[in-house]
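Given next are the chains, with one letter for each unit.
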Amino acid sequence: MKYVRNAWYPLGWAEEIGRELSRHMVLEEAIVVYRREDGKIAALQDACPHRLAPLSLGRLKGDAIECGYHGMTFDCSGKCVRIPGQDIIPGNAVVRAYPVEEKYGLAWIWMGDSALADRAGLFHLEQYDAPGWRAVKGGTLRIDCNYLSLCDNLLDPAHVTFVHPSTLGTPAGATVPVNNEYGERSIIVWRWIRDAPAIPLFAKYGGFATNVDRWHYYNYTAPCFYAIDMGSCLTGTIADMDKRHEGVQMFACHLLTPVDESTVLQHWFHVRNFRTDEAAMDAELTRDMDRAFNEDKVVLQRIQFEEEREAARGKPYKRIILGIDAAPRRMHKMIDQMIEQEERVAGHGAMAARQEKVTA
Amino acid sequence: MKYVRNAWYPLGWAEEIGRELSRHMVLEEAIVVYRREDGKIAALQDACPHRLAPLSLGRLKGDAIECGYHGMTFDCSGKCVRIPGQDIIPGNAVVRAYPVEEKYGLAWIWMGDSALADRAGLFHLEQYDAPGWRAVKGGTLRIDCNYLSLCDNLLDPAHVTFVHPSTLGTPAGATVPVNNEYGERSIIVWRWIRDAPAIPLFAKYGGFATNVDRWHYYNYTAPCFYAIDMGSCLTGTIADMDKRHEGVQMFACHLLTPVDESTVLQHWFHVRNFRTDEAAMDAELTRDMDRAFNEDKVVLQRIQFEEEREAARGKPYKRIILGIDAAPRRMHKMIDQMIEQEERVAGHGAMAARQEKVTA
Amino acid sequence: MKYVRNAWYPLGWAEEIGRELSRHMVLEEAIVVYRREDGKIAALQDACPHRLAPLSLGRLKGDAIECGYHGMTFDCSGKCVRIPGQDIIPGNAVVRAYPVEEKYGLAWIWMGDSALADRAGLFHLEQYDAPGWRAVKGGTLRIDCNYLSLCDNLLDPAHVTFVHPSTLGTPAGATVPVNNEYGERSIIVWRWIRDAPAIPLFAKYGGFATNVDRWHYYNYTAPCFYAIDMGSCLTGTIADMDKRHEGVQMFACHLLTPVDESTVLQHWFHVRNFRTDEAAMDAELTRDMDRAFNEDKVVLQRIQFEEEREAARGKPYKRIILGIDAAPRRMHKMIDQMIEQEERVAGHGAMAARQEKVTA
Ligand code: FES
Ligand code: FES
Ligand code: FES
C-alpha cells in the first residue's frame, strides 16, 4: 500500500540500538540499524544489492557493514567500499541510507526524500522536559492490524466506555458528544465531562473520591503522532478550559510505525504533572496503561481478521457511518491528500529531470 | 463458492447453546448465536455494521447484543436499538437475523430467504422417537475438506471395504454392485450382501457368529442430510426387503454444515432397534463409529490437500470415472440445479422489484 | 516452474527404500516409491486417477498398489489391473511409472521421456570405488530455497571466506580470482591458493601445521550434479596441477533434487584419499561438513524469504552483477537452453504425431 513518506517514524527505543546489527521493518521496507563508532545511529536498506542477502546477517567492520555472503562492504552512507576479489566497484553499488534522529528516547527514521528531513518535524511536546512534569517510558505494542485502524482508534473517545471499563472509561462517557478541530495536518478531538465520577485510572492514581470535571483532548499530527491529553479536577475548580495544568493532567503519547499493510508498532510513553517525584509509581501506572492498550489490540486484531476475511470472500459487508466517525474520516482524507501531494511532487521532479535532459 | 441457501443446516448441538455469545461459521458467513431469555435460540450476522467488530466479542443485554467497540446495540431481530452518543438511528442500521429451529438435539439454521423457512423441511427420521428404537447422540467431526467431498463419501458404499476393514467393511463387499434410486431432491443407494460374514461392528454388537444377509441403504436428501440404514439378519430370515426392522437395524444419521470451501462439520447420531435398554453400550458403540468416521476424515483431508496442490500447480490430473460414481455425480448435479434455481428466483425477484419501481 | 526433465535426480538413499510405500516430491510431482519383490525399486505417480487419493496411503499387494479409498489396483508399470465392483478396466486407467536406478547408495529417478533414460547419464566419479579411496555417506539437507539458488552457491568459491570461516574458508581466499571452464553441459570453476594456511577442515583432518598450496575445483554437470574437488599439499610439493591426488584430496559430492519452486533436497557424500582406513573418523568429518552446509542453508533460506517478500511487494530491488557471477550466470543459461530444447523436441514430437494422423 501507499504511505506518507516525508515524515518521521519511530524506529524503536534508542537505548536498544547498539553496536550489533538489528533489522527493522518500516513502510514495508527492511532496514538494518546500528550505532556508529561516534555514537550516531545509521540506517541502511537491509538487502545486499548482489543477491539480496540481508546485510543484518553480516558483520560490522568499524562503521561499515560486510555482507555475510560474499563480503561486499558498505559504509554508513550506503556506498560500497569493497568487493572481495575485484578491484572495480561499479558506481551503482549502493544501498539506500536513511536519515535518523533521536528524541524523547526514541530513534526516528525519515522514509522520504532525505533533502527534506528536518529535526523540526519530529514529535514535540513542550511538557516532556518542562519543570513540574515527569516523562516515563511506556513500551511498544506490536498489533497485527493496519496502522490506519489504530489511527481511527486513537481519534475515537467513544470506545473507552466499552473497551476500557476498568481503566479509561465510565458509562457517563457514552453520551457526551465530542468537538473536532481540524488543522492542515492536525486534528484535535476533545470533550469535557462535568461533575461525573473519575475514570478508574484517575480515581486510583489521582486520588479522586468525589465527582470531577474531566477532559480528553486527542491531539493528532498526521500521519502518526498522537498526544492524548487527559485529566481531572474537582468539579467546578477549573473555569478556564485552557488551564488544565491546574488539575491532574497526563499526556499519553503514541507514536506509530506502520510495518506493513497488516502490522503496526505502537510506541508510547506518558508525561504527567502529578506525583512527579514518585518513581515507584511509574511501573504500576505503566502496567495499567499497557493493559488498557492491549484491550484495544484485541479488538483491532479481530477487525483486521474480519476485514481480510471479507476481502478474501469478495462480498463486502454493508457499513454504517456514525457521528463519531467524523474525525477518523478527516484523518483518512488528510493522509490520502499528503500521499497524493508527494506523488505529484515526485512526478514533477521526474518531469523536470526529463525536461533538463531534452534541453541539454 | 456457491451453496444451496434455502435449506436447514445444523448450527450445532442445542444443549451447547446458552446465554453466552458463540460464533459459528456456516456457508462462509459468521453468525453469533445465543439463547434468548425465553429459551429460544437467536442467530445474527456476527459483524457490527459500523466497523466490522464481531458482535460475539460484545455483551448480551437482555435479548440484545451490545457491540464491544462502540456499543451499538441490536435486538434479536437484528434491528439497531441504540447508538451511544447519537439519537438518530439510521434505518439501515441492521444486521441479518436467521431463522433457527431445534430438532433431534441439534439447532438448525436457515441460510436463505426467511419467508421460505419451514419446520417441515427439517431432517426427519420416523424411527427417531418411535417405540422400540433408541436414539443416541454421536458427535461432531470437523473435516478440512469441501463438503461435497464428504457428500461423495456418504453416497459411496464401495469405500467401506478399503477404508473401514475393522468396523464397517468386509472383503465380500467389494464386488457386489449397488442400486441407485433418484428422486427430485433425494437419492437412495442400496445393496444387499447375502450369506456373508457380518461386518465387524454388527458381529460385535449384534452378536452374529454365523453368516448373515446384510444391507446398506444410503438415504440422501439434498443438500446435506444423510440417514444410512444398515443392518443384518441371519441368512435367509428376511424375505421381504421392506421388513428390515425385523433384523438388527441401525440408522447412522449425518447432518452436514458447510463451513467454507475447505471445511465441513459432520454432526452425527445413531438410532437403533437392538439392545435399546442398554445405555451402557452407547458410549462404546459411539466410540467405534467415531473411529470409523475418523478413517474417512484422514482420506478426505488428504484428497483436499491434493486437490488444492493440483489447483495451485495449474496442471490438472487426468481423472477416471467409475461405475460407483453414478450416485455422487447425480448428487453434484442436483445441488448445482438447486443453486441455479435459487439464483433464477432471486433474479426474477430483483427484476420484479425494478419493474414495480418503473411502473410506480 | 519449468525444469530439465530428461535427467536423473536423486530420489533418496536406496537403503531407506523398502517394502513400505513412501511418498517423494520431485519437480513438483508426487511419487510413490517402493521396492518390488525382486528387489528393484518402483516409482509411480502418487495420485489415484479416480479421486486423487495418494496411492501411498494404500496397500502393497505383491508388486501392485491397491488404492486405499476404493481399491483400484495398479501394477508397477502403472497399469490398472483391478477395479473392485466392475469388470471393465478403461484403457486410460493408468498412472505414470518412472524409470529408477541405483548407484552410489542413492536411488535415482528419470523425470522425462522414459525412452531416453540411460544409466550412462547417472552421476559418475571414478574415484568412488577406486583403490586408495574411501567413499562415505553424508546425508540429506532439506533447504527451503529454489534449487537454482543452491546451484549458484555450489559454483561460487567466493562465499566460503564469509560463510564458512571455521571450516572451509580463510581470509586468504577472498582475493584470489577464479578460472571458469565451460563445456556443453558442464562447468568447472577452479583456483589454487598458494603458500597460505590450510583451511580449518584440512588443518584438522590433514594435519597441516605449516603453509600449503590448496585448490578448489567445482565440477558441475547440468542440471544437478556437483563434485567439489578440494585438497592441499605442503607448499610447492605438487608441480603438475593434474597430479592433485598426490596431495590430500577430497571430493564433496552434492546431488540435488528440486522438490518445488522453493524447496530443494541436497544429498551429499564424500570420497577421500587420506586416512582411508579410519572408519572412526568418518562420523566426525561428516558432522563438520554437515555443519558447514547448514551455514549455507541459513543464508539460502533467508535469500529465498527476501525474494518472495520482494515478489509479493512488487517492487524489485536493484541488483549488481559481480565478477564471481560469471559461472552461475552460465549455469542458469545452460539450464534454460536445456529446457527450451526439451520443449522444442516435445513440440516436434507433437507436430510429427499430428502430421502422421493427417497423412494416414
Ligand atoms: S549477496 Fe552480498 S556480497 Fe553477495
Ligand atoms: S464497531 Fe460496533 S459500534 Fe463501532
Ligand atoms: S480414489 Fe482410488 S479408487 Fe477411488
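Residues numbered from 1 in each chain as written. Chains lettered and ligands numbered in written order. Predicted model: local features only at pLDDT ≥ 70, side-chain atom pairs only at ≥ 80, totals over all residues. Heavy atoms only, no water.

- Looking at an unreviewed UniProt entry, chain A carries the name Aromatic ring-hydroxylating dioxygenase subunit alpha, with the source organism given as Delftia acidovorans.

### Topic: the overall build of chain A
In step 1: Looking only at helices and strands, one finds five helices and 17 strands in chain A.
In step 2: Across the 360 residues that make up chain A, the buried fraction comes to 54%.
In step 3: Considering only residue pairs separated by 6 or more positions, chain A has 59% of its internal contacts joining residues 24 or more positions apart.
In step 4: The average position of the 42 basic charges and that of the 49 acidic charges among the side chains of chain A differ by 4 Å. (Helix = DSSP H or I, 4+ residues; strand = E, 2+ residues; numbered from the N terminus. Buried < 20%, exposed > 50% of the residue type's maximum accessible area, 1.4 Å probe, protein only. Contact = heavy atoms within 4.5 Å. Lys, Arg positive; Asp, Glu negative; His and termini not counted. Charge placed at Lys NZ, Arg CZ, Asp CG, Glu CD.)

### Let's talk about the UniProt feature "domain: Rieske" (unreviewed entry) in chain A
In step 1: When the UniProt feature table is mapped onto this chain numbering, "domain: Rieske" (unreviewed entry) sits at residues 8-109 of chain A.
In step 2: Helix makes up 0% of residues 8-109 of chain A and strand 41%, whereas the separation of the span's terminal C-alpha atoms amounts to 5 Å. (UniProt positions renumbered as here; feature names shortened; annotations may be inferred.)

### Quick notes on the relation of the copies chain C and chain A
One copy of the chain maps onto the other through a rotation about an axis plus a displacement along that axis.
In step 1: Between chain C and chain A, which share one sequence, the superposing operator has a rotation angle of 120° and an axial displacement of 0.2 Å; the RMSD is 0.1 Å. What the superposition gives is, in effect, a three-fold axis relating one chain to the other. Distance from the rotation axis, computed per C-alpha, reaches its smallest value in chain C at C:Ala312: 9.4 Å. (Least-squares fit on C-alpha atoms with pLDDT ≥ 70 in both.)

### Focus on the interface of chain B and chain A
In step 1: At the interface, 31 residues of chain B touch 29 residues of chain A.
In step 2: In total, about 2,600 Å² of surface goes out of reach between chain B and chain A, with carbon and sulfur atoms giving 57% of it.
In step 3: Interface area lost by chain B to chain A is led by B:Arg51, B:Leu52 and B:Tyr69, which between them contribute 28%.
In step 4: Our count for the chain B to chain A interface comes out at four salt bridges.
In step 5: Measuring nitrogen to oxygen at the nearest pair gives 2.8 Å for the salt bridge that ties B:Arg23 to A:Glu306.
In step 6: Where chain B touches chain A, the interface holds 11 residue pairs in polar contact (both at pLDDT 80 or more).
In step 7: Mapped by element, the contributors of at least two residues to the side of chain B that touches chain A are strand 2 (22-26) and strand 3 (29-35) of chain B. (Buried area = accessible area lost by both parts, 1.4 Å probe. Salt bridge = Lys/Arg side-chain N within 4 Å of Asp/Glu carboxyl O. Polar contact = N/O pair within 3.5 Å; in protein donor to acceptor, adjacent residues only side chain to side chain.)

### A short note on the sheet that holds strand 16 (residues 248-260) of chain B
Residue and element names in this part refer to chain B.
In step 1: The sheet built from seven strands is open, its strands ordered 11-17-16-15-14-13-12 with antiparallel pairing. Looking at strand neighbours, the two that pair on one side only are strand 11 (134-143) and strand 12 (179-182), the edges of this open sheet. With direction set aside, neighbouring strand axes in the sheet form an average angle of 15°.
In step 2: Looking at chain direction, strand 11 and strand 17 (residues 263-272) are connected through nine bridges and run antiparallel. Bridge pairing in strand 17 places Lys137 opposite Phe269.
In step 3: Relative to strand 11, helix 4 (residues 279-313) is tilted by about 25°, and along the sheet it contacts strand 11, strand 16 and strand 17. (Pairing = 2+ DSSP bridges. Axes fitted to C-alpha atoms, helices over the stretch in contact; angles between N-to-C directions.)

### Comments concerning the domain arrangement of chain A
Residue and element names in this part refer to chain A.
In step 1: For chain A, the domain assignment lists domain 1 (8-119) and domain 2 (123-337).
In step 2: Once you take the C-alpha centre of each, domain 1 and domain 2 turn out to be 34 Å apart.
In step 3: Contact with domain 1, which involves 17 residues of that partner, is made by 22 residues of domain 2.
In step 4: Per-residue buried area on domain 1 facing domain 2 is highest for Tyr9, Trp13 and Tyr104; these three make up 46% of the total on that side.
In step 5: For the pair domain 1 and domain 2, the interface holds two salt bridges.
In step 6: For Lys137, the salt bridge goes to Glu16, with nearest N and O atoms at 3.8 Å.
In step 7: Our enumeration of links across domain 1 and domain 2 arrives at nine residue pairs in polar contact (both at pLDDT 80 or more).
In step 8: Put simply, the parts of the chain that give the side of domain 1 that touches domain 2 at least two residues each are strand 1 (8-13), strand 2 (22-26) and strand 10 (106-110).
In step 9: With six residues, the top contributor of residues to the side of domain 1 that touches domain 2 is strand 1.
In step 10: Partitioned by chemical class, the residues of the side of domain 1 that touches domain 2 number 11 nonpolar, two polar and four charged. (Domains from an automatic or database assignment. Nonpolar A, V, L, I, M, F, W, Y, C, P; charged D, E, K, R; others polar.)

### What about helix 4 (residues 279-313) of chain C?
In step 1: Along its 35 residues, helix 4 of chain C runs 51 Å from first to last C-alpha, staying within 8% of the 51 Å computed at 1.5 Å per residue.
In step 2: Following helix 4 of chain C by one or two positions, C:Gly314 adopts a phi angle in the positive range, close to 75°. (Expected span 1.5 Å × (residues − 1).)

### Focus: the sheet that holds strand 1 of chain A
The strands that make up a sheet pair up through hydrogen bonds in the backbone, lying either parallel or antiparallel.
All names here are of chain A.
In step 1: Across the sheet, three strands lie side by side as 1-10-9; this open sheet has antiparallel pairing. The sheet terminates laterally at strand 1 and strand 9 (100-103), the two strands that pair on one side only. Strand after strand, the sheet turns through a mean of 35° between neighbouring axes, direction not considered.
In step 2: Where strand 9 meets strand 10, four bridges bridge the pair, whose relative direction is antiparallel. Bridge pairing in strand 10 links Glu101 to Trp108.

### Points about the packing of aromatic side chains
In step 1: Summed over all chains, the structure comprises 45 aromatic pairs over all chains.
In step 2: When the ring of A:Trp192 is compared with that of A:Trp215, the centres are 5.0 Å apart and the planes differ by 45°; the resulting orientation is tilted. Here A:Trp192, found in strand 13 (residues 186-196), pairs with A:Trp215, found in strand 14 (residues 212-221); they are 23 residues apart in sequence, far enough to count as distant. We note that A:Trp192, like A:Trp215, is buried.
In step 3: When the centroid spacing of 6.1 Å and the interplanar angle of 80° are considered together, the rings of C:Tyr104 and C:Phe269 count as edge-to-face. Separated by 165 residues along the polypeptide, C:Tyr104 in the loop between strand 9 (100-103) and strand 10 (106-110) and C:Phe269 in strand 17 (residues 263-272) bring together distant segments of the chain. Side by side, C:Tyr104 and C:Phe269 carry an identical accessibility label, which is buried. (Phe/Tyr/Trp six-rings, centres within 6.5 Å; stacked < 30°, edge-to-face > 60°.)

### Points about the confidence of the model for chain A
Parts of the model with low pLDDT should not have their predicted coordinates read in detail.
In step 1: Of all residues in chain A, 98% attain a pLDDT of 70 or more, and the chain-wide mean is 94.
In step 2: Scoring of the predicted complex yields 0.93 for pTM and 0.91 for ipTM. (pLDDT = per-residue confidence, 0-100.)

### Thoughts on the interface of chain C and chain A
In step 1: Each side of the interface is counted separately: chain C has 29 residues, and chain A has 31 residues.
In step 2: Across the chain C/chain A interface, buried area totals approximately 2,600 Å², and carbon plus sulfur atoms make up 57% of it.
In step 3: Interface area lost by chain C to chain A is led by C:Phe162, C:Ile320 and C:Leu322, which between them contribute 27%.
In step 4: Taken together, the links from chain C to chain A amount to four salt bridges.
In step 5: In this structure, C:Asp152 engages A:Arg51 in a salt bridge whose closest nitrogen and oxygen atoms are separated by 3.9 Å.
In step 6: Inspection of the region where chain C meets chain A yields 11 residue pairs in polar contact (both at pLDDT 80 or more).
In step 7: Tallying contributions element by element places helix 4 of chain C first for the side of chain C that touches chain A, with 10 residues.

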